[in-house]
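Structural overview
Residues per chain are reported as follows:
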Amino acid sequence: MRAQSVLSGLLLVCLCPLYLRADDSLESRLTGLAKQHKGRVAIAVKHLSSGESFYLKADEPMPTASLIKLPVMIEVYQQVAEGKLKLSDQITLRKEDEVPGSGVLTDLFSPGLTFSVRDAVRLMIDVSDNTATNLVLDKIGIGATARRMEEWGFPNTKIHSKSFRRDTSVFPERSKQFGLGSTTAREMVGILEKLHLGKFVGPDACKEMITILKRCDDRDKFPRLLPAAVQVAHKTGWVSDVSTDAGILYWAKGPVALCVLTSSNEDKRWSVDNAAHLLCARVARKVYDYFNDRPGAPLAGAKK
């Protein structure tokens, strides 16, 4: 009996790490955060080397706010590759082009300013400039991004209109439901994966776009709780009851593509401590800790 008891004890000790590990899964770490949040939440995570992933309500179409500017940038680079425009093409800012909200063009620059498409894209992504976004859409066409994304297998990823110009909507019903743009968490992570692998336009163009995403000036979401050594190539969105972030976390145990979409948020404060911002930050930190705490490379048998 004693030998059997000792054997049972040893077996329990050996199995304990497995039980702990099961309880410490991505699902257990992230589901609790989502349940506590007062609003709708969708999450998608994928380790781009191992393929290990987690998805929560990731196929539900959700509003993007300014996150939709990321696929708009991809469409710009695709049209450049097709010879439809050049990044060096010049744009002139007119008074009638100015719209409110995020960015610098409307508040800090005068009509008549001339700058390149490349600079407009950088403004659109790095400071989420709404006026620059509209000028980019004038160049590529409002409906072009949605058509391209659908062609590439991302049918829910659409920009509907110019920023603050609902009258320009090419998807009026979706505009009413989602605002500026729409996507799913799974589609956005799929887009990020292809971008990381250099499968949009070409490897050099993808590297340039990732560099632009790394300069995004919004530090209130994914980068907020991460160590300085983690590089975050991302784009965020925020308006009213919608807050979003999607990007790639680069560090020694990465890269990891991550998307957090929230809407119908109870907390609508225009504050850095907005609950949805904090949720995005905490999800990113949980994801980082999960992969960072694992010995060596991500383990085999990952969920595909």
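As a reminder, the structure under discussion sits directly above these lines.
What comes next is a walk through the structure.

Conventions used here
- Every chain is numbered independently, its residues counted from 1 as its sequence is written.
- Given that the model is predicted, a residue must reach a pLDDT of at least 70 before its local features are reported, and side-chain atom pairs must reach 80 or more before they are shown or counted; all residues, however, enter totals for whole chains, interfaces and linings.
- Note that the side-chain values use all heavy atoms of the structure and ignore hydrogens as well as water.
- Strand pairing is defined by DSSP finding a minimum of two bridges between the two strands.
- Where helices and strands are cited, they refer to DSSP runs of H or I of at least four residues and of E of at least two residues respectively, numbered from the N terminus.
- Convention adopted: a line fitted to C-alpha atoms gives each axis, helices being fitted over their contacting stretch, and angles between N-to-C directions are expressed from 0 to 180 degrees.
- Between 65 and 115 degrees an angle is taken as roughly perpendicular, under 35 as roughly parallel, over 145 as roughly antiparallel, and anywhere else as oblique.
- Note on contacts: a residue pair is in contact if any heavy atoms of the two residues lie within 4.5 Å.
- The residue classification treats Ala, Val, Leu, Ile, Met, Phe, Trp, Tyr, Cys and Pro as nonpolar and Asp, Glu, Lys and Arg as charged. All others, Gly included, are polar.
- Between Lys or Arg on one side and Asp or Glu on the other, a salt bridge is scored when a side-chain nitrogen of the former is within 4 Å of a carboxyl oxygen of the latter.
- With a 1.4 Å probe rolled over the protein chains alone, any residue whose accessible area is under 20% of its type maximum counts as buried; one over 50% counts as exposed, and the rest are partly exposed.

1. With respect to the pairing of strand β8 (residues 231–239)
Each regular strand displays side chains that alternate between the two surfaces of the sheet. Summarising the sheet, β8 and strand β9 (residues 242–250) pair through nine bridges and their orientation is antiparallel. Paired with Gly237 across the strands is Thr244, a residue of β9.

2. Here we look at the packing of helix α3 (residues 69–81) against helix α7 (residues 144–151)
Where α3 contacts α7, the axes come no closer than 9 Å and their chain directions differ by 85°. By the angle between their directions, the pair α3 and α7 is classed as roughly perpendicular. Between α3 and α7, the residues in contact are Pro71, Val72, Ile74, Glu75, Gln78 and Gln79 and Ala144, Thr145, Arg148 and Met149, respectively. Tallied by class, residues from the contact of α3 with α7 come to five nonpolar, three polar and two charged.

3. Examining the pattern of salt bridges
Counted by the stated rule, this structure contains 21 salt bridges. Among the salt bridges present, the one from Arg215 reaches Asp126, with a minimum N-O distance of 3.5 Å. Placement of Arg215 in the loop between α10 (203–214) and β8 and of Asp126 in helix α5 (residues 117–126) is noted, with a sequence separation of 89 residues between them. Given the relative accessible area of 42%, Arg215 is considered partly exposed. Two residues, Asp273 and Arg224, come together in a salt bridge whose shortest N-O distance is 2.5 Å. With Asp273 in the loop between β10 (256–263) and α11 (275–292) and Arg224 in the loop between α10 and β8, this pair connects stretches of sequence that are 49 residues apart. What makes Asp273 partly exposed here is its relative accessible area of 37%. For Arg224, a relative accessible area of 27% gives the class partly exposed. Each of the salt bridges in this network shares a partner with another, and the network as a whole consists of Glu75, Glu82, Lys84 and Arg148.

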